[in-house]
Every structure is written in C-alpha cells, then in structure tokens.
Amino acid sequence: SQYSAVDTNPLSVYIMQPIWNKIIKIVPLWIAPNLLTFSGFVMVLFNYFLISFYDWDYTASGTSPGLVPTWVWLFSAFTTFCAYALDSIDGKHARRTQSSTPLGELFDHGLDSWATSIFVLSFFSVCSCDNGKTGVSVYTMYTYLSIVLFNFMCSHWEKYNTGVLFLPWGYDISQVVLIVAYLLTSALGVEVWQKPLLLGYYITDILVILLIGFSLFLSFPQTLYNIHRAYLKKTLKNDSLYEGLLPLVSPLLLFVLLTVWVVLSPSNILAKQPRLFLWMVGVAFSNVICKVIICQMSGTRPELFHWFLFPLALVVYAAISGLLGWMEEAVLAVFTALLTAAHVHFGVCVGMQLSEHLNIYIFSLKKRVQE
C-alpha cells in the first residue's frame with residue numbers, strides 16, 4: 001500500500017522542516033535511507049546505556065546531584081537532536097534516491113515504536129526518583145510511559161483504520177522539549193528540576209500535566225475525529241467495528257497485565273527495579289505495535305492475542321500469588337532479557353524476509369542479484 005502521512009504541526013511545518021531540508025542536502029546520495037534510520041536509533045540506545053551506567057536506579061539526580069557528569073547531559077542533547085534529525089530526513093532521503101520501500105516504512109516505524117520508550121526512560125534520569133523531597137515517583141514514571149506509548153499506538157491504530165498516518169503534534173514538541181531539558185540540565189545542573197517553578201509545582205509536575213492534557217484532549221480526540229471522518233467519507237479500511245478495534249485488544253491486555261503486576265507485586269517490583277521493569281514495558285509494547293504496523297501495511301488481520309501475553313500472564317500470576325517469593329527480581333531480569341532477545345530476533349527476521357521478497361539490501365542501495 002502507498003505510504004501517506006499528514007503533518008499539520010506548525011512547529012514542524014514552519015521551523016523544523018526548513019532545517020531538515022537544509023540538512024538533507026549534505027547527505028551523500030549513495031547512503032541508504034535505512035542506514036540513517038538505524039544510525040539514529042543506535043544513538044538513542046547508546047545514550048540510554050550511557051545514562052544507565054551513571055544512574056542505574058534513577059536516583060543520581062535526586063539524592064546526590066553531580067553523579068552524572070555535565071558532558072553526559074550535553075551528549076544527551078546532541079544524540080537526541082541527531083536521532084530526531086535522522087528520523088525526520090530518512091523519508092525525504094528515500095524520495096531523493098527513489099528508494100522508498102515498504103521495508104523502509106516498517107524499519108522506520110518499527111524502530112520508532114521502540115525508541116519512543118527509550119527517549120522517555122532516558123529523560124527520567126533528569127527528574128530522578130522520588131526521595132521524599134524532590135523527584136517523581138516510579139508510579140508516575142510508569143503512568144507517564146504508558147501515556148506516551150498509548151499516544152504512539154493511537155496514531156498507528158488510526159492508520160490501520162484510515163490508511164493515513166496523521167503525525168501527532170506531540171512528537172516534534174516532545175523532541176524539542178527533551179533537547180531543551182538536557183541543555184538546561186547541563187547548564188544549570190539537575191537542581192533546576194528540584195525547585196518549585198509555579199504555585200509550588202515542579203517543572204516535572206507541569207510536564208506530566210501537559211502530557212496528560214495533550215493526550216486526552218488533543219491526540220486521542222483527533223484520532224477519533226479522523227476515524228469518524230473516514231467513516232463518513234466511506235474510506236475506512238475495515239467494515240466492522242470488531243475489525244476496527246481488533247488491534248487495540250493486545251496492547252490493552254498488555255497494559256492491564258503489567259499494571260496488575262505493578263500494583264499487586266509482593267516485593268514492590270517497580271520500586272525495586274524501575275529501570276528493568278520500564279525497559280521491559282517498552283520492549284513488550286514495541287513488539288505488539290510492530291505486529292499492528294505489519295498488519296496495517298500488508299492489509300492482514302492482527303491476531304486477537306499476541307503470543308507473548310501468555311508467558312507474561314504466567315509470570316505475573318506467579319509473581320502476585322507469591323509463588324516466586326524472593327526470586328521475583330531475578331525472574332523479571334531473565335524474562336526481560338528473553339523478551340528483548342525475542343524482539344530483536346523478530347525484527348531481524350522480518351527485515352531479512354522483506355529484503356529478500358523485495359529483492360533489495362537493507363543497508364545498501366545496490367540491487368540484489370536474482371538467483
């Protein structure tokens with residue numbers, strides 16, 4: 001199916017797009033667009049692991065500021081900008097080199113579905129965990145991440161039903177906010193997040209309120225409106241309500257299972273291992289969404305229950321019933337490692353299948369020789 005996306009965000013249209021149009025001119029024509037996409041993702045990952053090294057349990061900024069060196073925040077701003085730029089020019093570059101393919105589209109959105117959570121998890125190091133005085137609670141982090149992923153899911157659910165990807169306004173705004181936040185932190189230190197800004201509210205509180213407001217009153221209504229408009233114009237991809245809502249079943253079940261684990265965990269797993277747990281949430285979500293993206297691109301029906309909900313349900317049951325006991329953290333670690341490996345394996349397999357099917361290389365513009 002032909003790829004179509006709509007972007008109406010003034011920040012994107014009037015400020016960012018002209019910048020991308022200048023940057024794209026310096027990219028050599030022999031570079032494959034997927035290489036740009038992948039480089040951006042690798043930068044996001046590298047930055048995440050760098051911050052994790054200095055701040056594994058999300059406390060570095062709160063209890064003893066200065067544990068994360070200033071250059072790390074500068075580096076975060078730099079990698080976030082590069083990833084944002086690369087993600088914004090890969091499609092333009094594909095059109096320049098006349099190499100737009102379904103593989104490129106899947107590669108782009110698939111990596112985005114994973115990068116989305118990693119951006120958020122890196123940012124949490126700026127605000128740090130709640131230590132009684134400052135910071136945000138791990139439950140706020142979990143809620144925040146869930147809302148961001150819900151927004152991401154909505155735009156792809158909308159595309160599944162309408163055939164058009166309406167780029168959410170939140171994307172450009174959040175990227176610019178992230179870059180500014182990292183620059184602020186490097187210039188003024190993490191202390192800037194620990195002083196009340198307005199009426200006793202901290203900057204982090206205000207960001208959470210803005211995010212929830214954006215999602216519930218801008219993104220989600222816009223999604224429903226666009227689907228309703230397609231229904232009136234009779235351009236909906238799916239005839240029945242069941243078919244239209246099908247892609248939402250697995251992500252919602254995933255959210256329910258994870259939330260049950262967070263709330264009922266005997267050892268309070270989220271507070272004990274926030275980084276591991278939230279990483280697992282991001283990977284699980286990305287895998288579920290990739291399936292929806294593939295279905296939407298290939299015009300096939302998503303399965304009702306994603307395979308991975310079954311092992312997750314078993315683990316959650318074993319954890320909350322007390323079966324796991326003191327092993328809960330170890331089981332989470334093993335489960336997270338297996339899930340991450342499964343997700344990477346899935347991505348590699350789909351990429352290789354598509355590159356063979358379309359007779360192209362993933363990271364090169366050379367044509368494959370027919371056997």
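In the annotation of an unreviewed UniProt entry, the entry for the protein reads Ethanolaminephosphotransferase 1, and the organism field reads Serilophus lunatus. Recorded in UniProt for the protein, the comment headed Subcellular location (unreviewed entry) runs: "Endoplasmic reticulum membrane".

**Student:** When you look at the pattern of salt bridges in this model, what are you seeing that I'm missing?
**Tutor:** Any two side chains of opposite charge can pair, so long as their charged atoms come close to each other. Overall, the coordinates contain 4 salt bridges when judged by the stated rule. Residue R301 pairs with E243 through a salt bridge whose shortest N-O separation is 3.0 Å. Placement of the pair is R301 in the loop between α10 (274-298) and α11 (309-320) and E243 in helix α8 (residues 241-264), with a sequence separation of 58 residues. Among the salt bridges present, the one from E303 reaches K291, with a minimum N-O distance of 3.9 Å. Of the two residues, E303 sits in the loop between α10 and α11 while K291 sits in helix α10, which places them 12 residues apart along the sequence.

**Student:** Is there a simple way to think about the packing of aromatic side chains in this case?
**Tutor:** Working definition: an aromatic ring pair is given by the centre-to-centre distance plus the angle between the planes. Tallied over the full model, the rule gives 24 aromatic pairs. Pairing Y54 with W71 gives two aromatic rings, centres 6.4 Å apart and planes at 85 degrees, and the pair type is edge-to-face. One end of the pair, Y54, is in helix α2 (residues 33-54); the other, W71, is in helix α3 (residues 70-96), with 17 residues separating them in the sequence. Summarising the aromatic geometry, the rings of W261 and F277 are spaced 5.3 Å apart at their centres and angled 75 degrees between planes, so their arrangement reads as edge-to-face.

**Student:** Mind showing me how you'd approach the nonpolar core here?
**Tutor:** A general trend in soluble globular proteins is that nonpolar side chains are found buried together. Counting residues in each nonpolar core, the largest one holds 101 residues, and the members touching the most others are F123, F124, Y144, L254, W261, F277 and L312. In this structure, F123 is in contact with Y144, L178, A181, Y182, W193 and L207, ignoring residues within four places of it in sequence.

What counts, and where the lines are drawn
- Residues numbered from 1 in each chain as written.
- Predicted model: local features only at pLDDT ≥ 70, side-chain atom pairs only at ≥ 80, totals over all residues.
- Heavy atoms only, no water.
- UniProt positions renumbered as here; feature names shortened; annotations may be inferred.
- Salt bridge = Lys/Arg side-chain N within 4 Å of Asp/Glu carboxyl O.
- Helix = DSSP H or I, 4+ residues; strand = E, 2+ residues; numbered from the N terminus.
- Phe/Tyr/Trp six-rings, centres within 6.5 Å; stacked < 30°, edge-to-face > 60°.
- Core = buried A, V, L, I, M, F, W, Y, C linked by side-chain atoms within 4.5 Å.
- Buried < 20%, exposed > 50% of the residue type's maximum accessible area, 1.4 Å probe, protein only.
- Contact = heavy atoms within 4.5 Å.

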